Amino acid sequence: MLNVNLIDPIEFANGSMLQEGSVGLAQLDERIAQHEFLVPAETTLQYRLKGGVDKLQRPYLNLSLQGELTLMCQRCLTAMSLELDESVRIVLFSKEDVMDEAMDSDPELEGMLAEAELSVWSLLEDQIIMALPYAPRHDDCGNTDLERVNNDKPNPFAQLAKLKPNQ
Ligand SMILES: [Zn+2]
């Protein structure tokens, strides 16, 4: 129970239940634990999941997630950090057509079909994946040699090397 962290989402929402705590990224599934530019080791996020019922009598889950992620800069391949502070309301539906209709009429709405069991960890995983930048990069990699290599301009050191006689 502790490892998969299952809830009954409808019961959780209708009972205005609350679950909060922290989760290490290394505990999550391979979408996170083996993500190409996430460095999950030793990263812990705080989360809060609160159930409720909205004014249309629809059960929902409010999820918020905070923490500092360590990512690999896709330009210089060294670590960079990303402050994560996400909140989302997920409205639970029992019928797909009702959900589709609701989501069509409200583009802001996040809907989910309610199943008997829902893994809180998979909710967190989805949220983390959605929050990740497409290609994380430092604003300034702070490594001028590397930037020079990545530039289209000729690298002055490479030019210099050509002048040296072959050894
Ligand atoms: Zn960088």
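Overview of the structure. These numbers were taken from a predicted model, which means no experiment stands behind them.

Analysis parameters
- In every chain, residue numbers begin from 1 and rise along the written sequence.
- Where local features are concerned, this predicted model is filtered to residues with pLDDT of at least 70; where side-chain atom pairs are given and counted, the filter is 80 or more; whole-chain, interface and lining totals use all residues.
- Hydrogens are left out, water is left out, and the side-chain values use all remaining heavy atoms of the structure.
- Salt bridges are identified by distance alone: a Lys or Arg side-chain nitrogen within 4 Å of an Asp or Glu carboxyl oxygen.
- Segments assigned H or I by DSSP are reported as helices when at least four residues long, segments assigned E as strands when at least two residues long, and all are numbered from the N terminus.
- Think of it in three bands: residues with accessible area under 20% of the maximum for their type are buried, residues over 50% are exposed, and the middle band is partly exposed, with areas taken using a 1.4 Å probe on protein chains only.
- Metal donors were taken as nitrogen, oxygen and sulfur atoms no farther than 2.8 Å from the ion, or 3.2 Å where the ion is Na, K or Ca. Water is excluded, so coordination may look unfinished.
- Geometry assignment treats four donors as tetrahedral when all angles are between 85 and 135 degrees, treats four as square planar and six as octahedral when opposite donors are over 155 degrees apart and all others between 65 and 115, and treats everything else as irregular.
- Side-chain rings of Phe, Tyr and Trp (the six-membered ring for Trp) are treated as a pair once their centres are within 6.5 Å; stacked means planes under 30 degrees apart, edge-to-face means over 60, and tilted covers the remaining angles.
- Cation placement over rings: the criterion is NZ of Lys or CZ of Arg within 6 Å of the ring centroid and within 35° of the ring normal.
- Here, a strand pair is defined by DSSP locating no fewer than two bridges between the strands.
- Angular values range over 0 to 180 degrees, each being the angle between N-to-C directions of two axes fitted as lines to C-alpha atoms, with helices fitted over their stretch in contact.
- Any two residues whose heavy atoms approach within 4.5 Å are treated as being in contact.
- We call a set of buried residues a nonpolar core when its members are Ala, Val, Leu, Ile, Met, Phe, Trp, Tyr or Cys and they connect through side-chain atoms within 4.5 Å of each other.

**Thoughts on the pattern of salt bridges**
- Per the counting criterion, the structure on display carries five salt bridges.
- With its nearest N and O atoms 3.5 Å apart, the salt bridge here joins Arg48 to Glu20. With Arg48 in strand 3 (residues 44-53) and Glu20 in strand 2 (residues 18-24), this residue pair connects regions lying 28 residues apart in the sequence.
- Note on Arg48: relative accessible area 36%, which makes it partly exposed.
- Between Arg31 and Asp29 there is a salt bridge; the shortest N-O distance is 3.6 Å.
- Salt bridges here are not isolated pairs; linked through shared partners, they connect Asp29, Arg31, Glu125 and Asp126.

**Digging into the coordination of the zinc ion**
- Taken together, Cys73 (SG), Cys76 (SG), His138 (ND1) and Cys141 (SG) make up the protein donors of the zinc ion, found 2.0 to 2.3 Å from the metal.
- Given four donor atoms and angles of 103 to 121 degrees at the metal, the environment of the zinc ion is assigned as tetrahedral.
- Spacing between the donor residues of the zinc ion along their common chain follows C-x2-C-x61-H-x2-C. Take Cys73 and Cys76: they sit in the same class, and that class is buried.

**A closer look at the packing of aromatic side chains**
- Counting across every chain of the model gives one aromatic pair.
- Arg89 extends its terminal NZ or CZ atom over the ring of Tyr60, reaching a point 3.6 Å from the ring centre.

**So, the sheet that holds strand 2**
- Taken in spatial order, the five strands make up an open sheet running 2-3-4-5-6, and their pairing is mixed. Lying at the two open borders of the sheet, with one neighbouring strand each, are strand 2 and strand 6 (110-113). Ignoring strand direction, the axes of neighbouring strands in this sheet form an average angle of 30 degrees.
- Here seven bridges tie strand 2 to strand 3, and the two strands are oriented antiparallel to one another. Bridging from a neighbouring strand, Gly24 pairs with Thr44 of strand 3.
- Here helix 3 (residues 96-105) sits on the sheet in contact with strand 5 (79-93) and strand 6, set at roughly 175 degrees to strand 6.
- Relative to the sheet, helix 4 (residues 120-131) contacts strand 2, strand 3, strand 4 (59-72), strand 5 and strand 6, its axis offset from that of strand 4 by approximately 55 degrees.

**Digging into the nonpolar core**
- Among the nonpolar cores identified, the biggest contains 33 residues, and Leu69 and Ile128 are the most heavily contacted of them.
- Setting aside anything within four residues of it in sequence, one finds Leu69 in contact with Leu25, Leu38, Thr43, Leu45, Met80, Ser81, Leu82, Leu84, Ile128 and Leu132.
- In this structure, Tyr60, Val91, Met99 and Leu109 belong to the second largest nonpolar core, which totals six residues.

**Overview of unusual backbone geometry**
- Even without being a glycine, Ser16 presents a positive backbone phi close to 45 degrees.
- In this fold, Ser16 is placed in the loop between helix 1 (9-14) and strand 2.
- Positive phi, normally seen in glycine, also occurs at Gln57, with a value near 65 degrees.
- Mapping Gln57 onto the fold places it in the loop between strand 3 and strand 4.
- On the accessibility criterion, Gln57 (62% relative accessible area) is exposed.

**Things to note about the side chain of His138**
- Relative to the helices and strands, His138 resides in the loop between helix 4 and helix 5 (144-150).
- Ignoring any residue separated from it by four or fewer positions in sequence, one finds His138 in contact with Cys73, Arg75, Cys76, Thr78, Ala79 and Met80.

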